[in-house]
Amino acid sequence: MKIREVTFKNINSLKGEHTINFDREPLKNAGLFAITGPTGSGKTTLLDVICLALYNQTPRMKTVSKKTIGESGAILTRNTREARASVTYECKEGVFTSEWSIRTTRNDTLSDYDMSLFDENGTSIVQKKSEVPAKNGALIGLEYDQFVRSILLAQGDFAQFLKSGPKERANLLEKITGTFIYRELGKMAFQKGKEITIRTEKVENAISDWKEKMIPDEELKEHETAYNDLSKRLKNKREAHDKTVQQLNLKKEISTIKQDIGKAQQSIKKLNADLDNFWKSEGLKLQKHKPLKPLSEPLWEWKRINGQIAEDKERVEKLQARLENLTTQQNDLIDRIGSITQKPVTQATAIDELSAFYQQYRDLNTKKADLLENFDRTKSQLVNLEVSSRVKSNVNNPKEVLNELHKIKEDADSSIEKFSQKKREYALEDFSAKQLNELSGNARELVSLEKETKTLIEEISEKEKSVQKIKAELEQAPNKIEKQQAIFDKVDAELNALRSQIELKKVKASLEDLRNELKNGEPCPLCGSDHHPWAHDVPNENVDDEQLKKKQSALDAERESLSKLKAKKENDENELKRENRELSAKKEKLKESLKRQKVLLDGLPEKVKSQNATEIIKVVDEVIDINEKLDKAEREKQSAKAALPIVEDLLKIKQKGVELSEKLKQLYSGDEEELSVLIEKLENNWNETRDEKNKLEHENKQTSKSIEENKSKVEKLEKQLKPQLQDLDYDGIDEALSYLLPHNEEQRLSEIENKLKKGIEKAENDLNHFSELLKKSEDRDVSQTEEELQELKVEQEEAVQNLETDIKKLFATIEQQKDIRKVIAEKQREKEEIEGSGKKWVLLSKQIGDAKGSNFSQFAQQLTLEQLITLANKRLQALTERYLLNSGENEDGDLSVIDRDMGDLQRSIKTLSGGETFLISLALALALSDLASKNITIESMFIDEGFGTLDPQTLDQTLDVLERLQANDNRTIGIISHVDALKERIQTQIKLSPTGQGYSEMEVV
């Protein structure tokens, strides 16, 4: 896998868009390059970008989401609205580009991140963003943890690993190699095995508990036999009980039938009495009505017609009274119409005279409206004339307006003479309005340019002072940096000396036995010298780790001071460039301003060149004002002249309108609308009165005719009815009508008669039916009394209840024992299933399991460490021929190396110098990369940490090794460091520089 291009925008301190292309110079053929910059400038951000674009994770933030970004403030650069990371890489499957991005909404809240993956043709190869990390892992052949261990060498972690004790070293190895999964597997096996054992014991305990509740099979069979015998006895007892209940019910049925017979006899007696009473009272009416029923229609018709005659006579009287009232109203209307028209009118001429009067009034009003329209039309001619508002507001009074117009004309003539005289006093009387405006604009521009020139001169002076100040500070900067560099070098040398003393002290301690055996005159087995001044008197070297820490802190402080001086020098250089650019721009602007002023001054008329720009503006403004006033006065004069004939016409129109108003007033004092309403009301009243009178006269005639016709009908009916009524012994029609029942009354009485007769018939039928039932029931009755049967029933119920209780107890015991046997069988099957499915977990728990997962973890770590050391020794051969890592621990529990230069002596890692420790930790880191990538070729690699601990010679040696590694493996290796010697040695660099306010710049050189 090879990284070809990295692009990103607004990630951590690197604001803006940045691109690192490994397929272009200077990185294309560099192989080995450095990522440099002071602490906090964003060097490791480049690694964050790569991991973020591929896996949505970073070494410093395992889970990346809008929530974690919002809480931590990481990833998205401060004061920006979007961030983006993109990596183009090449693998066996081809070339792919993986992208990651996030942005803020309009409400300044983070939206969710987005990811996409494209092939070389720009075609998306995933459907969802969640699929991108897994797809990248499949294409590259490495998951995130493997990728980080392969591409980012964990040299710093291995340096700590080498110096740690056995327990801490085991934890570090687990962290570095990712073998924590074996610890989790050991814990899981133990936990699962424990769960299986607990479940099995729980089931066995349950089986034991249920067996204690189980009775023997022989006893269960005895219970079942007793249950069957009792069930048969219970059946016989229930049948005897049901027979007794039936006999008791028959006794009750006989008693009920006897009661029903008594009720039927009483009902017959009562209904016969009710029928007799009916014939004595209301039934008599029905008897009288029945002979008259054939004559009911003519009798009712005679009565109806006589009633209609009475109603018609009453209606005729009311109609005549209303007709008299309408005649009076008509006479009142004739009088009112005569008073309005001021003429005598009759019933025949009233409406015509009223219409003629109204038409005369309307004709006069139309003429008045025409005059008003003419007045308004003439008045509107004044709207477009420039006359005073006083004239327009008082236009309805033409006389006053006429006087006002004469005065306006005189005032305009006076103003024209006055302003013409004043204009001649200035030398610009021949200038047009356009020339005056152009002259005014040039003069105003001159005033503005003079102010601008003054401001520019002051700003240029300030800028020149600022430039001189920055130059002075830059001249002093090299001396300050040189002094600070000397201080830094001194402290660095002191720190290296302290380290050497500590290392020497450790070596001496390890060779204490050998030193004690030295004898003067005999050669030292190490150096060959026969003189041993320190064989017994060892100088006091009280150097400890605390001194080393203090010196390291002092070195870091001096390094920071040196970085600040260099950064200030660079900032001052940039500031000087910016100030010089601004100074040049202001001088150029001043030059242009002076040039424009000269052009404007040369273009001024000779008449005003002696005056300054402000005076010219004042004179031009006054002349423009005079011209405007002259124009206004001339317009007012012409408007007044044009308005005079219009106002004279208005005066004539108004006089005619006054004459017409007087004639209208003589006809009617009110307005036209009031008169129209009055006339309409009179006409409506007249028409309504006339129409109603005609209608009532016709109705009166028709009603009188109806009365005569009905009288004739009554005489005819009387001739028909009287002979028939005499035959029935009725004195007359009125007597017959008194006995004749209305239809509903006849129907009501007939229904009462029928109901009583049907009731008697039904009661007699019921009596016969109940008598037959009584005979049949008495035939089936037994000789025992009801009390004897009741006692027998109680005895039988007690026997049934006792049997049921015994049976329930036996049934419950039998069912409980059956359930217990079922439960035991189910539990036995459950135990077998648990033991079958959990057998592998119990076995795994015995082999690799424990509560903390230590057994399997230690086993896996030992295998991993042996494999890692084998791979590390292969890498170490390319770094140094002196040392080989030993897979075992010494008696103090420390890791050890085999020192070939000392006769394959086994030495503790702690006796090695800082540079030697770095080489071994680098070999381990490369081995981890080899182990993690397996069969995957990783052509891009980064090393972060460790170079600050190397002395110049070891640093050169290490860089030689890395160059050989790059050449042999054809890898692109990036070294992240702020060590100056390393920056001088590696020419191709990605430089990161702070710009202030927490931002940094990036440059590939």
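Residues numbered from 1 in each chain as written. Predicted model: local features only at pLDDT ≥ 70, side-chain atom pairs only at ≥ 80, totals over all residues. Heavy atoms only, no water.

The protein chain goes by AAA family ATPase in an unreviewed UniProt entry, where it is assigned to Salibacter halophilus.

S.K.: For empty space enclosed by the protein, give the residues involved together with the corresponding values.
M.R.: Taken as a whole and judged by the stated rule, the model has two cavities of 30 Å³ or more. Each pocket or cavity is described by its volume, and for the largest cavity that value is around 50 Å³. Around the largest cavity, the lining residues are V6, I20, F22, F33, L46, I50, F942 and I990. When its volume is computed, the second largest cavity comes out at roughly 40 Å³. In terms of lining residues, the second largest cavity is bounded by L47, I50, C51, P59, V148, I151 and L152. Secondary structure elements with two or more residues in the lining of the second largest cavity: α1 (45-55) and α4 (144-151). When the residues that make up the lining of the second largest cavity are grouped by side-chain class, the tally is seven nonpolar, no polar and no charged. (1 Å grid on protein atoms, 1.4 Å probe; cavity = no way out; pocket = protein on both sides within 12 Å on 5 of 7 lines; lining within 4 Å. Points joined across faces, edges and corners; volume = space filled by probe spheres on them. Helix = DSSP H or I, 4+ residues; strand = E, 2+ residues; numbered from the N terminus. Nonpolar A, V, L, I, M, F, W, Y, C, P; charged D, E, K, R; others polar.)

S.K.: Which residues make up the pairing of strand β13 (residues 989-996), and what are the values?
M.R.: Here strand β3 (residues 32-36) runs beside β13; their pairing, made up of three bridges, is parallel. Across the sheet, T36 pairs through a bridge with K991, a residue of β13. Where β13 meets strand β14 (residues 999-1004), six bridges bridge the pair, whose relative direction is antiparallel. Bridge pairing in β14 places L992 opposite M1002. (Pairing = 2+ DSSP bridges.)

S.K.: Can you explain helix α16 (residues 545-602)? Please cite residues and give values.
M.R.: In this model α16 runs 85 Å from its N-terminal to its C-terminal C-alpha over 58 residues, within 8% of the 86 Å that 1.5 Å per residue would give. Here α16 has its buried residues at L555, L562, D572, L576, E579, L583, L590, S593, Q597 and L600. (Expected span 1.5 Å × (residues − 1). Buried < 20%, exposed > 50% of the residue type's maximum accessible area, 1.4 Å probe, protein only.)

S.K.: Report on the packing of helix α21 (residues 786-837) against helix α22 (residues 839-848), specifying residues and quantitative values.
M.R.: Relative to each other, α21 and α22 sit at 50 degrees, their axes nearing to 4 Å. Taken together, the axes of α21 and α22 lie oblique to each other. For the pair α21 and α22, the contacting residues are I834, E835, G836 and S837 in the first and K839, K840 and W841 in the second. Each residue belonging to the contact of α21 with α22 can be placed in one class, and the counts come to two nonpolar, two polar and three charged. (Axes fitted to C-alpha atoms, helices over the stretch in contact; angles between N-to-C directions. Parallel < 35°, antiparallel > 145°, perpendicular 65-115°, else oblique. Contact = heavy atoms within 4.5 Å.)

S.K.: Go over the packing of aromatic side chains with me, naming the residues and quoting the values.
M.R.: The full count for this structure, using the stated rule, is seven aromatic pairs. Between F33 and F942 the ring centres are 6.3 Å apart and the planes differ by 85 degrees, which places this aromatic pair in the edge-to-face class. Placement of the pair is F33 in strand β3 and F942 in strand β11 (residues 940-944), with a sequence separation of 909 residues. With a relative accessible area of 2%, F33 lands in the buried category. The exposure class of F942 is buried, given its relative accessible area of 4%. Each residue in the set F22, F33 and F942 is aromatic and connected to the rest through ring pairs, giving one cluster. Lying across the ring of Y113, K129 places its NZ or CZ 4.5 Å from the centre. The ring of W841 carries K192 above its face, with NZ or CZ at 5.9 Å from the centroid. (Phe/Tyr/Trp six-rings, centres within 6.5 Å; stacked < 30°, edge-to-face > 60°. Lys NZ or Arg CZ within 6 Å of the ring centre and 35° of its normal.)

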